[in-house]
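A closer look at the structure
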Amino acid sequence: MILVGSGGYGGAVSVVKDRDEVVEQLEPFRRELTAYCYRMLGSAFEAEDAVQETLVRAWSKYAGFEGRSALRTWLYRIATNVCLDMAPAAQRRARPMDLTSPVSASALDLTRLEENLWVGPVPDARVLSGDPAEVTMGRETIRLAFVTALQKLPAKQRAILVLREVLAWSAAETAELLGTSVASVNSALQRARSTLAEGGGIPASDTYRPLDETQQSLLTRYVRAFETFDIEGLKKLLHEDAVLNMPPYQMWVRGAVELGEWWLGAGCGCRGSRMLPVEANGSPAFAQYRPAEDKNGWTPWGITVLEITDGRIATMTNHMDTDRLFPLWGLPMRLPAIGAVGA
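So, a few notes on the structure that sits alongside this text.

A few points about the overall build of the chain
Scanning the chain from N- to C-terminus turns up 14 helices and six strands. Looking at the chain residue by residue over its 343 residues, the buried ones come to 48%. A separation of at least 24 residues holds for 65% of the contacts in the chain among residues at least 6 apart in sequence. Looking at the chain as shown, the accessible area adds up to about 16400 Å², and 52% of this sits on carbon and sulfur atoms.

Encoded structure:
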């Protein structure tokens, strides 16, 4: 809901009516604006803050909006300015693989860094909509790897690349929105493409298709192996150079052999976990609950987003800011013990 101030007594009914009409005009754009701001900022929480600020600004200035441009274009202009203000270069978000080398499972570095350093996950329901083709395209452009790659660009180049190549705006439309020239837009887009290419491009992964039987079979085997703590079974589902990373820890582990040692060593606390499927970043994902310390059910451990390449798991990113993330997905903060009332 858009937050607005209250009107005075005079003409109160008319003011409220106008306010409601404006809200009705703006609110349908919330989801696509959230997707745009998430790609720009790399955080679901910052994206929602940016969209809220965008809609508040739009509401306050709506009387001066004379239709010289489409309402959607006007909102994207406001959202872009909000994101540019929120995305200084010093605070670009990343993943552990961008910052350090992999560590051995037997020599872990458990240094934790601030949350605002990491690219975070986002629920699909907050950023995806439209027909099946649009949803499929949207999944590709909210993948963790894609959003992380975008963060390597200066904020304005990031906006231009998203507007041009994700949202399919023309160079002229993008130039109008940013208040610049078509030549400047084309030049910035070329620089953005070159920067991404120099960084190795955006890693490819299999398009997630929730109804695909082969993919669902892989995920079923993953959950079964994880919940039974069948480490050899897990390793068979991984690429040989599969990666596990766990923000806010800066360390990450690479390789099926190392990961096997990790789970049997420092990661042995995952034994007995339960995995609930969720939708995140256009990818298969699970809410992981570990056995509660009081032995009464399970408590949140992380939101794990999987990236699958050529039918095998290539990357496992476990986001551990559970106090904020689990409510974002509407997940319970405890699963009751099996056999308990309501379990």
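Following the structure, the description resumes.
As for the sheet that holds strand β5 (residues 298–309)
Strand order in the open sheet formed by six strands is β2-β1-β6-β5-β4-β3, with mixed pairing between adjacent strands. Since the sheet does not close on itself, it has two edges, and those belong to β2 (252–254) and β3 (274–280), each with one partner. Neighbour-to-neighbour, the strand axes of the sheet open up by a mean angle of 20°, direction not taken into account. In this structure, β3 lies alongside strand β4 (residues 283–291), joined through seven bridges in antiparallel fashion. Bridge assignment links E279 to a residue of β4, and that residue is P284.

Notes on the packing of helix α2 (residues 30–41) against helix α3 (residues 44–61)
Following both chains from N to C, one finds α2 and α3 inclined at 130°, their axes separated by 8 Å at the closest point. Considered as vectors, α2 and α3 are oriented oblique to each other. The handedness of the crossing between α2 and α3 is right-handed. Touching R30, L33, T34, C37, Y38 and L41 of α2 are A44, E46, A47, E48, A50, V51, Q52, T54 and L55, all from α3.

Looking at the pattern of salt bridges
Scanning the model with the defined rule gives 14 salt bridges in all. Across the salt bridge formed by E115 and R324, the nearest N and O atoms sit 3.4 Å from each other. Here R324 lies in helix α14 (residues 322–328) and E115 lies in the loop between α5 (96–99) and α6 (132–140), a separation of 209 residues in the sequence. Looking at E115, the relative accessible area reads 32%, which means it is partly exposed. For R324, a relative accessible area of 35% translates into the label partly exposed. Taken together, the shared-partner salt bridges in this structure form one network comprising E46, R93, E115, D321 and R324.

A look at the state of the cysteines
By definition, a disulfide is the covalent link that joins the sulfur atoms of two cysteine residues. This model, assessed by the stated rule, comprises zero disulfides. Looking at C270, it has no disulfide partner, and the nearest cysteine sulfur is the one in C268, 8.5 Å off.

Points about α6
Residues of α6 that are buried include every one of V135, G138 and R139, and no others. Taken around the axis of α6, the buried residues stretch over an arc of 100°, which confines them to a single face. In this structure, α6 carries A133 and M137 as exposed residues pointing more than 90 degrees from its buried face. Taken together, the buried residues of α6 touch α2.

Things to note about the packing of helix α9 (residues 171–178) against helix α10 (residues 182–198)
Contact geometry for α9 and α10: axes closest at 8 Å, N-to-C directions at 105°. By the criterion of interaxial angle, the relationship of α9 to α10 is roughly perpendicular. Between α9 and α10, the residues in contact are A171, A172, T174 and A175 and V182, V185 and N186, respectively. Here the contact of α9 with α10 is composed, by residue class, of five nonpolar, two polar and no charged.

Some thoughts on the pairing of strand β6 (residues 312–319)
Counting buried positions over the eight residues of β6 gives seven, a clear majority of the element. Relative to β6, strand β1 (residues 238–245) runs parallel, the two being bridged by four bridges. Residue pairing in the sheet places L244 in a bridge with M316 of β6. Two elements, β5 and β6, share seven bridges in a ladder whose sense is antiparallel. Residue pairing across strands places I303 opposite H319, the latter belonging to β6.

Notes on α2
Taking 1.5 Å of rise per residue, 12 residues should cover 16 Å, and α2 covers 16 Å from first to last C-alpha, within 8% of that figure. Counting buried residues in α2 gives 10 out of 12 residues, a clear majority hidden from the surface. Among the residues making up α2, those that are buried are R30, L33, T34, A35, Y36, C37, Y38, R39, M40 and L41. Immediately beyond the C-terminal end of α2, within one or two residues, lies G42, with a positive phi of roughly 75°.

Observations regarding the packing of aromatic side chains
A complete count under the given rule lists seven aromatic pairs for this structure. One aromatic cluster is present, built from ring pairs that chain together Y222, F226, W263 and F286. In this arrangement the basic side chain of R274 is found over the ring face of W298, its NZ or CZ atom lying 4.9 Å from the centre. A cation over a ring is seen here: R290 above W301, with NZ or CZ 3.5 Å from the ring centre.

About the cut-offs
Residues numbered from 1 in each chain as written. Predicted model: local features only at pLDDT ≥ 70, side-chain atom pairs only at ≥ 80, totals over all residues. Heavy atoms only, no water. Helix = DSSP H or I, 4+ residues; strand = E, 2+ residues; numbered from the N terminus. Buried < 20%, exposed > 50% of the residue type's maximum accessible area, 1.4 Å probe, protein only. Contact = heavy atoms within 4.5 Å. Areas by Shrake-Rupley, 256 points an atom, 1.4 Å probe, with all protein chains shown as cover. Pairing = 2+ DSSP bridges. Axes fitted to C-alpha atoms, helices over the stretch in contact; angles between N-to-C directions. Parallel < 35°, antiparallel > 145°, perpendicular 65-115°, else oblique. Left-handed = near helix turned anticlockwise from the far one by under 90°. Salt bridge = Lys/Arg side-chain N within 4 Å of Asp/Glu carboxyl O. Disulfide = S-S within 2.5 Å. Arc of directions from axis to C-beta. Nonpolar A, V, L, I, M, F, W, Y, C, P; charged D, E, K, R; others polar. Expected span 1.5 Å × (residues − 1). Phe/Tyr/Trp six-rings, centres within 6.5 Å; stacked < 30°, edge-to-face > 60°. Lys NZ or Arg CZ within 6 Å of the ring centre and 35° of its normal.

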